[in-house]
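Chain by chain, the residues run as shown.
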Amino acid sequence: MDRKPYYLDLYRKVLEEARIGYTLAIFGDHLAAQQGYEKHTGLDAVHYFLMQKHHWTRGQIQAMTQADILFAMSEEFELWTMPDDARQVLADVAEHHFSPSSN
């Protein structure tokens, strides 16, 4: 049985989860600066923001998938653009380290 299609699909799903997590973390840094958070950066800042905005508990947020969190934050993402350096890192890593042909 050829498992290659399964592995390729799995690989793509994992890469998409990583891309979403990276995007949320970079946005969280922006959000922390914008909101004046001193103790929260990255994904923690996103979680803290959602707790403040929606009065969700940390447990409720941690039970969400990253795709759910991205959806919940979609309005905040409206005018945000990922910094060029962060976007370049994402492109470089995706192209050079995570392509199926490099394995």
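In what follows, the structure referred to is the one given above.
Residues numbered from 1 in each chain as written. Predicted model: local features only at pLDDT ≥ 70, side-chain atom pairs only at ≥ 80, totals over all residues. Heavy atoms only, no water.

Observations regarding the side chain of Thr23
For Thr23, the location among the structural elements is in helix H1 (residues 4–35). Given a relative accessible area of 9%, Thr23 falls into the buried group. Within the structure, Thr23 has its side chain in polar contact with the backbone oxygen of Arg19 (distance 2.9 Å). Leave out the neighbours within four places in its chain, and Thr23 touches Phe77, Trp80 and Met82. (Helix = DSSP H or I, 4+ residues; strand = E, 2+ residues; numbered from the N terminus. Buried < 20%, exposed > 50% of the residue type's maximum accessible area, 1.4 Å probe, protein only. Polar contact = N/O pair within 3.5 Å; in protein donor to acceptor, adjacent residues only side chain to side chain. Contact = heavy atoms within 4.5 Å.)

Overview of the packing of H1 against helix H6 (residues 84–96)
The geometry of H1 relative to H6 is characterised by a closest axis approach of 11 Å and an angle of 165° between their N-to-C directions. Compared by their axis directions, H1 and H6 come out roughly antiparallel. Crossing angle aside, the handedness with which H1 passes H6 is right-handed. Listed contacts from H6 to Arg19, Tyr22 and Ile26 of H1 are Ala86, Val89 and Leu90. A class-by-class count of the residues in the contact of H1 with H6 yields five nonpolar, no polar and one charged. (Axes fitted to C-alpha atoms, helices over the stretch in contact; angles between N-to-C directions. Parallel < 35°, antiparallel > 145°, perpendicular 65-115°, else oblique. Left-handed = near helix turned anticlockwise from the far one by under 90°. Nonpolar A, V, L, I, M, F, W, Y, C, P; charged D, E, K, R; others polar.)

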